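Examination of the molecular architecture
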Amino acid sequence: MKDTTNRRSALLKASGIAVAAASFAGCGTASQQPARGSREIFPLKTTTIPIANTDAVFPVRRIYCIGRNYRAHAIEMGSNPDREPPFFFQKPSDAIQFVPPGSISDHPYPSLTKNYHYEVELVVALHKGGKNIPTDRALDCVFGYAVGLDMTRRDLQRAMGDQKKPWEIGKSFDSSAPVGPLHPLASLVGGHFQKGEISLSVNGQTKQKADLNMMIWSVAEQISNLSQAFELHPGDIIYSGTPENVGPVVPGDVIACHIAGLPSLSVRIV
Ligand code: MN
């Protein structure tokens, strides 16, 4: 939740006792709830992703994204895929743009960039979390999967990288995380997505095409690795990386994303 910091500081002012009690209980999510009797001064919307074929929604806590997780994409970004440990960045949870299947949603061309890139990715949603989760138990945390786009202001990302500054402005802007409905694991005949085609076209022309089995770090390894750096929680989602041949779009372009076994996701840049 993007309001965690604000709520925590409000809590600290309002009720030091409540915060201390929650901390002793070791209950990270409980400490984010308003203390009893306190009153939020304005409503804050929780980001959710609809769950396919139900009226239920998945509340989004954090969006993690892995960088350079397909060999050929790592090479096109100028890094060595054999040597580098995984690395992650975050987008704010309200960067989600839900894209219903069977439609083409308008996606706003963002400010400040002249080189706006697509990255098609398998999105993994967690309903369990923890710290130091072993790889062989990591998939137990997975609620389901969706198709997503990690939209990127590439010129700004590169400029910041060149200056050894954070990528934030290139990756973590409004509407930068289009995503389709979540498909619960229980509804997936093929089980976890460990192989299968992932592709993206622009105006009907194929741009990205690879197989999920070409990830450098598997979904289980990503969850395990992330959980060493951050305690994971229900509601966290992970963008699991993009294959090679990322590229630019301009207003009027239509991006269509496909992952075998999931409905396509399409957006029109406006
Ligand atoms: Mn990406």
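Residues numbered from 1 in each chain as written. Predicted model: local features only at pLDDT ≥ 70, side-chain atom pairs only at ≥ 80, totals over all residues.

1. Some details on the overall build of the protein chain
- The helix and strand tally for the protein chain stands at seven helices and 18 strands.
- Put simply, the protein chain has 270 residues, and 36% of those count as buried.
- Taking the contacts inside the protein chain whose residues are at least 6 apart along the sequence as the reference set, 73% of them involve residues at least 24 apart. (Helix = DSSP H or I, 4+ residues; strand = E, 2+ residues; numbered from the N terminus. Buried ≥ 20, exposed ≤ 12 C-beta atoms within 10 Å, placed from the backbone. Contact = placed C-beta atoms within 7 Å.)

2. Structural notes on the environment of Val 246
- Within the secondary structure, Val 246 sits in the loop between strand E15 (237–239) and strand E16 (247–249).
- For Val 246, a count of 19 C-beta atoms within 10 Å translates into the label partly exposed.
- The sequence separation of Val 246 and His 117 amounts to 129 residues, and the corresponding C-alpha distance is 6.5 Å.
- Sequence-distant contacts of Val 246, that is, excluding residues within four places in its chain, are made with His 73, His 117, Tyr 118 and Glu 119.

3. Examining the nonpolar core
- Core analysis: the largest hydrophobic core is formed by 56 residues, its most contacted members being Val 123, Val 124, Ala 125 and Ala 146.
- Look past the residues within four positions of Ala 125 in its chain and what remains in contact with it is Phe 58, Phe 143, Gly 144, Ala 146, Leu 182 and Ile 237. (Core = buried A, V, L, I, M, F, W, Y, C linked by C-beta atoms within 7 Å.)

4. Considerations on helix H5 (residues 154–162)
- What H5 keeps buried is the set Arg 154, Leu 156 and Gln 157. For H5, the arc enclosing every buried residue in end-on projection is 165°, short of the 170-degree limit, so these residues lie on one face.
- Where H5 ends, the next residue or the one after it, Lys 164, has phi of about 55°, a positive value. (Arc of directions from axis to C-beta.)

5. Concerning the sheet that holds strand E7 (residues 116–118)
- Strand order in the open sheet made by the three strands is E10-E7-E16, with antiparallel pairing throughout. Lying at the two open borders of the sheet, with one neighbouring strand each, are strand E10 (152–153) and E16.
- Two elements, E7 and E16, share three bridges in a ladder whose sense is antiparallel. Across the sheet, residue His 117 finds its bridge partner in E16, namely Pro 248. (Pairing = 2+ DSSP bridges.)

6. A closer look at the sheet that holds strand E17 (residues 254–259)
- Strand order in the open sheet made by the five strands is E6-E18-E17-E13-E14, with mixed pairing throughout. With partners counted over all chains shown, the strands left at the sheet margins are strand E6 (104–107) and strand E14 (205–211), one partner each. With strand direction ignored, the average angle separating the axes of adjacent strands in the sheet is 20°.
- Here strand E13 (residues 197–202) runs beside E14; their pairing, made up of six bridges, is antiparallel. If you follow Glu 197 over to E14, its bridge partner there is Asp 211. (Axes fitted to C-alpha atoms, helices over the stretch in contact; angles between N-to-C directions.)

7. What about unusual backbone geometry?
- Backbone geometry at Leu 112 places phi at a positive 75°, although glycine is not the residue there.
- By secondary structure assignment, the location of Leu 112 is in the loop between E6 and E7.
- Positioned with a positive phi, Asn 203 is a non-glycine residue whose angle comes to about 55°.
- Looking at the secondary structure, you find Asn 203 in the loop between E13 and E14.

Honestly, it's all geometry; don't read function into it.
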